[in-house]
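Inside the fold
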Amino acid sequence: MTPPARSRFLAMALAASAIVTAVVFWFIPLRLDMAGFLPEGHNDGTRFLLREVQGGVAGTVLMLGIEGAPEPELARLSLGLQKVLSADPQFATVMNGVFSSGQMQALDALLMAHRYQLAPDDSVRDFSSAALVGAFETVLDGLGSSAGSVFSDMLMRDPTKAFLNAAQALEPDVHVRLQHGVWFAAAQPRALLLVRTRAPGMDLTRQKKVQQTLQSDFAALHPGAACLLMSGPSVFAIRSATGMRQDMDMMALCSLMLVAGVLYWRFRSLWVLAAIGVPFLLSFSAAMLVVRLVFGYVHGIALGFGMTMLGVALDYPVLLIGHRDKGEGPNATLHRIGQSLRLGVTSAVLGLTGMVFCGLPGLAQLGTFAATGLIVAACVTLFLMPRLVVEADLAPYVSGPSRPLEWAEQIRRYRVLGLVPVLVSAFWLCFHPPALDTRLAALSPIPEPARKLDDALRQELGVPDASLMLAVSGLSAQAVLEQEEALEQVWAGLRQQHALAGVQDAARFLPSIRMQTARMNALPAPEVLRAEIAEAQKTFPFKADAFAPFLHDVALARTLSPLSPQDMTGTPLEAALSPLLFEREGRWFGLVFPERVRNKSGIESAMSSEPDVMVVDMKREIDGLSAHYTARTLRWMTVGGILALGVLVYGLGSVNRILRVISSVGAALCTLLAVLAWSGQPLTLIHLISLQFVLGVSLDYALFFARPQLDDAERARTMRTLMTCNIMTVLTFGLLAACNTPLLQEIGKTVALGVALAMAYGFLFAGQRPETERATSL
């Protein structure tokens, strides 16, 4: 058969596979947000928490810092940025200690008109003659001061200082100093801004545009040496998505080059590359389709992990071609290696059971992607590759024994020395077992410097630390506000017990309509107040009608409608109120953040009798979530391991081969665990996932080393082929270790080391010495 003729079917198969892959990739969009990697939660607390992480108002908050210049210059940049961002419709609120004159006038007018409804201190509504005497004395002192002429109208309109009391209650708890008219960090020259966007926190397209706008607007102010710092949930999400995209691009290009280079070096044939491309493309496409059908979407991390299939799914066609003699029928080759290949695929897929059923959508996608890819690649190798091999007459460039391989074979004579690192590892694990870290923080995609910056900005701006959070729920906003007001007595008791210093809640900014109505109804009628004023001012040199504005305002306050959350729209108070009071799926929620908590158990005990209040300990809930899924993963790993062992016992039939396979796999896992323990690396859920993958690959190597090999030529083919597979896997997973995404880094480092150990121990312990095999065959 001429070369063009023999390659026609192969070219058609490769073209068809490439078209299928392109169509699948085109029609299946990727999710890059970390919300797509999160579970639904296993209890009410984690479900509420994860729902707010993915779609809550808190995700729209950005914390900005400007540093690197003298404070007057930083103030100029802060003012300039606040001015331009306030005019941009992408931003709902921009706060830096300065409000526009229109905003301030509107807020002052609102507070002045409704001061008797909003002021929390009941003394400002005590209009008895005795109380008014004290108030009028303060007014008289104020009029006699140097600023008396400026504030005389305010003093006469509001002698009980209700406006001041209402305004103080609404001030945010920022730990800042006001310098040059803007907010600065208390302990360093850093200007601060608090921004809320209109785009949802997990809308990565709009949030990316928001952050680009911030950078460009800041650059337009000619900052010189000053730099803009940004932090917040959406900032972390964009950085993760950007890093993920870079990882995928890098994996797609570099993996292709590395694997193609290794395969060409091994086989010296472009036809082999083309043939091996068919099972890879088909397995990749099938994996994408299955993940899309099962989960409804494909996450970018699953795709990035799937690119490493270049180094693993290709093992099966490489094993077929690598074990074939020139001119040999592929069925004869499959007859020799078919049992080991089928056992390897089955045990490898069973080894991924813990990943597939771990319950975490992102990691389950990784497991499903890998399992599907392995199964499809094996099926294509068994049923389609034989024809491709025959049509193109594919075989290794170098075959048969060689002196280096003979020297390597002699190492097995001293395999007992291979027990030394295994025994040392076992000894180390006995006295220094690796700790199991079930904290979700161990899986955090946020680099440590970024986390420290976020903590610093959060503390400086007074953004609540949600380490402990209470969620009050009700059928309406008013029901929530009334519940929060009813809890005030509980907070007072806890403050007396020094369990906390105070709380931040929505009722602090906006009392319920019932509370506002009660306060208005407590105001005296005009004739009653007129008599009290007359009685109180007898001893003061005020004109008879001096407090007429005060009388008028109180009479007007009795007729005003109570304020609702909608009345806060467009005011500076909207940014403070909206994260604390919101609607989700027809039900209203109010978040309460205790300040300076000293006794969590006391707070939880006090809330145990409140049916509509849920206490969410962020750290405990998140760590509990991780521990729940880690335990689930371990259970399924055990199930998968038992099933894989059953398959091996059934498939191998020989006690000797079973022991050799198990000993080599166990040695690899033992040494890998000892290395992790020696490095001080605790075992996280990611390491458990990686160990499952190492288990599958180790079984592959051990099964092929352990199968009967009756001559030196077959032994050489096995050695060369497994070395090729190992080099591809180590290189692709080593490449994964160079990714920006921490999760992929950990998988890459762990699997690359584990696969290298699997090759070494499989060679030493799973294979037999040549003379032993000959004696067995005789």
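Residues numbered from 1 in each chain as written. Predicted model: local features only at pLDDT ≥ 70, side-chain atom pairs only at ≥ 80, totals over all residues. Heavy atoms only, no water.

Looking at the overall build of the protein chain
- Each helix and strand counted, the protein chain has 34 helices and 13 strands in total.
- Within the protein chain, the proportion of its 778 residues that are buried is 53%.
- In the protein chain, the proportion of contacts linking residues at least 24 apart, taken out of those at least 6 apart, comes to 83%.
- When the accessible surface of the protein chain is summed, it comes to about 33,500 Å², and 63% of that surface belongs to carbon and sulfur atoms. (Helix = DSSP H or I, 4+ residues; strand = E, 2+ residues; numbered from the N terminus. Buried < 20%, exposed > 50% of the residue type's maximum accessible area, 1.4 Å probe, protein only. Contact = heavy atoms within 4.5 Å. Areas by Shrake-Rupley, 256 points an atom, 1.4 Å probe, with all protein chains shown as cover.)

As for the pattern of salt bridges
- Summed over all chains, the structure comprises 13 salt bridges.
- Two residues, arginine 115 and aspartate 158, come together in a salt bridge whose shortest N-O distance is 3.3 Å. With arginine 115 in helix 5 (residues 115-118) and aspartate 158 in the loop between helix 7 (148-157) and helix 8 (162-170), the pair connects residues that are 43 residues apart, well separated along the chain. Accessibility assignment for this pair places arginine 115 and aspartate 158 in one class, buried.
- With a closest N to O distance of 3.5 Å, glutamate 482 and arginine 514 form a salt bridge. In this pair, glutamate 482 is assigned in helix 21 (residues 477-486) and arginine 514 in helix 24 (residues 513-521), connecting sequence segments 32 residues apart.
- The partly exposed category is assigned to glutamate 482, whose relative accessible area is 25%.
- Salt bridges sharing common partners tie together Arg115, Arg157, Asp158 and Asp553. (Salt bridge = Lys/Arg side-chain N within 4 Å of Asp/Glu carboxyl O.)

As for the packing of helix 11 (residues 270-295) against helix 16 (residues 361-383)
- Between helix 11 and helix 16, the shortest axis-to-axis distance is 8 Å and the interhelical angle comes to 140°. By the angle class used here, helix 11 and helix 16 are oblique. The hand of the helix 11/helix 16 crossing is right-handed. Contacts from Val278, Pro279, Leu282, Ser283, Phe284, Ala286, Ala287, Met288, Val290, Val291 and Phe295 in helix 11 reach Pro361, Ala364, Gln365, Thr368, Phe369, Thr372, Gly373, Val376, Ala377 and Val380 in helix 16. (Axes fitted to C-alpha atoms, helices over the stretch in contact; angles between N-to-C directions. Parallel < 35°, antiparallel > 145°, perpendicular 65-115°, else oblique. Left-handed = near helix turned anticlockwise from the far one by under 90°.)

Brief notes about the packing of aromatic side chains
- Evaluated as defined, the whole model comprises 15 aromatic pairs.
- Seen from their ring centres, phenylalanine 136 and phenylalanine 540 are 6.4 Å apart, and the 85° between their planes marks the pair as edge-to-face. With phenylalanine 136 in helix 6 (residues 129-143) and phenylalanine 540 in the loop between helix 25 (526-536) and helix 26 (548-557), the pair connects residues that are 404 residues apart, well separated along the chain. Neither phenylalanine 136 nor phenylalanine 540 differs from the other in exposure class; each is buried.
- Considering the side-chain rings of phenylalanine 705 and phenylalanine 763, the 6.0 Å spacing of their centres and the 70° angle between planes classify their relative orientation as edge-to-face. Here the residue phenylalanine 705 occupies a position in helix 31 (residues 685-706), and phenylalanine 763 occupies one in helix 33 (residues 742-766), the gap between them amounting to 58 residues. Phenylalanine 763 shares its class with phenylalanine 705; the two are buried. (Phe/Tyr/Trp six-rings, centres within 6.5 Å; stacked < 30°, edge-to-face > 60°.)

Details of the environment of serine 255
- Locating serine 255 in the fold gives a position in helix 10 (residues 233-267).
- Assessed through its relative accessible area of 0%, serine 255 is described here as buried.
- Here the alpha-carbon distance between serine 255 and leucine 736, two residues 481 residues apart in the chain, equals 9.2 Å.

Structural notes on the pairing of strand 12 (residues 587-595)
- The element strand 12 is extensively covered by neighbouring structure, given that 8 of its 9 residues are classed as buried.
- Pairing of strand 9 (residues 468-474) with strand 12, which is carried by 5 bridges, proceeds in the antiparallel orientation. By the bridge assignment, serine 473 is partnered in strand 12 with phenylalanine 589.
- When strand 10 (residues 502-504) meets strand 12, the two strands line up antiparallel, connected through 3 bridges. Paired with valine 503 across the two strands is proline 594, which belongs to strand 12.
- Sheet topology note: the strand 11 (residues 581-584)/strand 12 ladder contains 4 bridges and is antiparallel. If you follow glutamate 583 over to strand 12, its bridge partner there is tryptophan 588.
- Linking strand 11 to strand 12, which pair antiparallel, is a turn of 2 residues; within it glutamate 585 sits at a positive phi near 55°. (Pairing = 2+ DSSP bridges.)

Topic: the side chain of aspartate 217
- Within the element layout of this structure, aspartate 217 appears in helix 9 (residues 204-220).
- Of the side chains with opposite charge, lysine 209 lies nearest to the buried aspartate 217, which makes no salt bridge, at 11 Å. (Lys, Arg positive; Asp, Glu negative; His and termini not counted.)

Considerations on the confidence of the model for the protein chain
- Chain-level statistics for the protein chain give a pLDDT mean of 81 and a share of 85% at 70 or above.
- Contacts for the low-pLDDT stretch residues 773-778, under 50 throughout, to residues beyond four places or in other chains number 7 contacts. (pLDDT = per-residue confidence, 0-100.)

A look at the state of the cysteines
- Counted under the stated rule, the structure contains 0 disulfides.
- Distance from the sulfur of cysteine 670, which forms no disulfide, to the nearest cysteine sulfur (cysteine 430) is 8.4 Å.
- Exposure remark for cysteine 670: the relative accessible area of 16% places this residue in the buried category. (Disulfide = S-S within 2.5 Å.)

Some words on a nonpolar patch on the surface
- A grouping of Tyr414, Val416, Leu417, Leu419, Val420, Leu423 and Val424 is seen on the molecular surface, where their side chains present a nonpolar patch of about 710 Å² in accessible area.
- Its place among the elements puts leucine 419 in helix 19 (residues 419-431).
- The class for leucine 419 is partly exposed, based on a relative accessible area of 38%. (Patch = residues over 30% accessible without salt bridge, like charges linked within 9 Å, V, L, I, M, F, W, Y side chains within 5 Å.)

Quick look at the environment of glutamine 497
- With respect to the element layout, glutamine 497 can be found in the loop between helix 22 (488-496) and strand 10.
- Sequence separation of glutamine 497 and glycine 602 is 105 residues, and the distance between their C-alpha atoms is 9.0 Å.

Some details on unusual backbone geometry
- Of note in this structure, lysine 161 is not a glycine but carries a positive phi near 60°.
- Assignment of secondary structure puts lysine 161 in the loop between helix 7 and helix 8.
- Owing to a relative accessible area of 40%, lysine 161 belongs among the partly exposed residues under this scheme.
- Not every positive phi belongs to a glycine, and arginine 268 is a case in point at roughly 55°.
- When you line up the elements, arginine 268 lands in the loop between helix 10 and helix 11.

As for the side chain of serine 564
- Inspection of the secondary structure puts serine 564 in the loop between helix 26 and helix 27 (573-577).
- Overall, serine 564 belongs to the buried group, its relative accessible area being 16%.
- Among the polar contacts listed, one links the side chain of serine 564 to the side chain of glutamine 566, at a separation of 3.0 Å. (Polar contact = N/O pair within 3.5 Å; in protein donor to acceptor, adjacent residues only side chain to side chain.)

Description of the packing of helix 13 (residues 315-322) against helix 14 (residues 330-351)
- Between helix 13 and helix 14, the shortest axis-to-axis distance is 9 Å and the interhelical angle comes to 150°. Taken together, helix 13 and helix 14 sit at an angle that is classed as roughly antiparallel. As helix 13 runs across helix 14, the sense of the crossing is right-handed. Contact with helix 13, carried on its side by Tyr316, Leu319 and Leu320, involves Pro330, Thr333, Leu334, Ile337, Leu341, Gly344 and Val345 of helix 14 and no other residues of that element.

Some remarks on helix 33
- For helix 33, spanning 25 residues, the distance from its first C-alpha to its last is 34 Å, which sits close to the expected 36 Å at 1.5 Å a residue.
- For helix 33, the tally of buried residues reaches 18 of 25 residues, placing the bulk of the element in the interior. (Expected span 1.5 Å × (residues − 1).)

What to know about the nonpolar core
- Counting residues in each nonpolar core, the largest one holds 112 residues, and the members touching the most others are Leu363, Val661 and Tyr701.
- Ranked by the residues each element gives to this core, the list is headed by helix 31, at 16 residues.
- Apart from the residues lying within four places of it in its own chain, the contact partners of tyrosine 701 are Leu722, Cys725, Asn726, Thr729, Val755, Ala758 and Met759.
- Counting 64 residues, the second largest nonpolar core, distinct from the first, contains Ala471, Leu563, Leu577 and Leu591. (Core = buried A, V, L, I, M, F, W, Y, C linked by side-chain atoms within 4.5 Å.)

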